[in-house]
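Residue-level listing of the chains:
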Amino acid sequence: MVNYAVNGRSTKSFIDEGRWDKVVAALHAGDFVIIQFGHNDEKQDRPELSAPARGSYQENLRRFIRETRAHGATPILAPSVARRKWREAGELQDTHGDYPAALRAVAVEENVPLLELNRLTTELELGHGVEGSKRLHLYYGPGAFARWPDGVKDDTHYAEYGASRVAALAVQEILRLQLPLTAWLK
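By convention here, each chain's residues receive numbers from 1 onward along its written sequence. Totals for whole chains, interfaces and linings use all residues, but because this is a predicted model, local features are given only for residues with pLDDT of at least 70 and pairs of side-chain atoms are given and counted only at 80 or more. Computation of side-chain values covers all heavy atoms of the structure but excludes hydrogens and water.

Caption draft 1: Region of interest: the side chain of Asn 40. For Asn 40, the location among the structural elements is in the loop between β1 (32–35) and α3 (53–70). By relative accessible area, Asn 40 is classed as buried at 11%. Polar contacts, as counted here, are pairs of nitrogen or oxygen atoms within 3.5 Å of one another; within protein the pair requires one atom able to donate a hydrogen and one able to accept it, and residues that are adjacent in sequence qualify only if both atoms are side-chain atoms. Within the structure, Asn 40 has its side chain in polar contact with the side chain of Lys 43 (distance 2.9 Å). Excluding its chain neighbours within four sequence positions, the residues that come into contact with Asn 40 are Gly 8, Arg 9, Ser 10, Leu 49 and Ser 50. For helices the rule is a DSSP run of H or I covering at least 4 residues; for strands it is a run of E covering at least 2, with both sets numbered from the N terminus onward. Exposure classes here rest on a 1.4 Å probe applied to the protein chains alone. A residue is buried below 20% of its type maximum, exposed above 50%, and partly exposed in between. Whether two residues touch is decided by their heavy atoms; if any such pair falls within 4.5 Å, the residues are in contact.

Written out as structure tokens, the structure is:
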């Protein structure tokens, strides 16, 4: 397994920085490529990242699918995971707009397996509640980690516990879809 993911990238910046070309250069027949973007594509105030949901975002996803398949590999799409953003009334707020739906539409059009991580991580956040969901994310006080001497409160990125829970959800989806990738799961 090779992880080409890089924090803070969108479909646009991943292509512009040559990162997608590196993925394509390494592809072999029989490989699986899990493609999950959207968190940063939605940042309209950052032109180096912004890719409109029903425009270049979908076009970039189609490119990833086409080039993955051209190498005999299998693309798998996953919509963005939920952010921990709660309204005062205790309701989880969707922060991704049309991006998950745009990705789902591409999955249907291109007949690509879809790991439904947006819905499942929304349920995960809701199940933990407003305060309990902090455990899923990077919520650490001052001095807990040298990287964050003043502490950290990050509602997007996962702590070890949250990451393991989301990984389990991804495995659940791979099994549900009965993807050949199941042979690699322990």
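Next comes the rest of the description.
Caption draft 2: Structural context of the environment of Arg 54. Secondary-structure assignment places Arg 54 in helix α3. For the pair Arg 54 and Val 106, spaced 52 residues apart in sequence, the C-alpha separation works out to 9.9 Å. Those residues in contact with Arg 54 that lie beyond four places of it in its chain are Asp 98, Ala 101, Ala 102 and Ala 105. Among the polar contacts listed, one links the side chain of Arg 54 to the side chain of Asp 98, at a separation of 2.6 Å.

Caption draft 3: Fine view of the nonpolar core. Here, nonpolar core refers to any group of buried Ala, Val, Leu, Ile, Met, Phe, Trp, Tyr and Cys residues whose side-chain atoms link them within 4.5 Å. Ranked by size, the top nonpolar core spans 24 residues in total, and within it Trp 20, Ile 35, Tyr 57, Leu 61, Phe 64 and Leu 77 carry the most contacts. Only α1 (11–16), α2 (19–26), β1, α3 and α4 (99–110) provide two or more residues apiece to this core. Beyond its immediate sequence surroundings of up to four residues, Leu 61 is in contact with Thr 11, Ile 35, Leu 77, Leu 103 and Val 106. The next biggest cluster of nonpolar side chains, apart from the first, holds 15 residues, and it includes Leu 115, Leu 120, Tyr 158 and Ala 170.

Remember, this is a structural readout, not a statement about activity or role.
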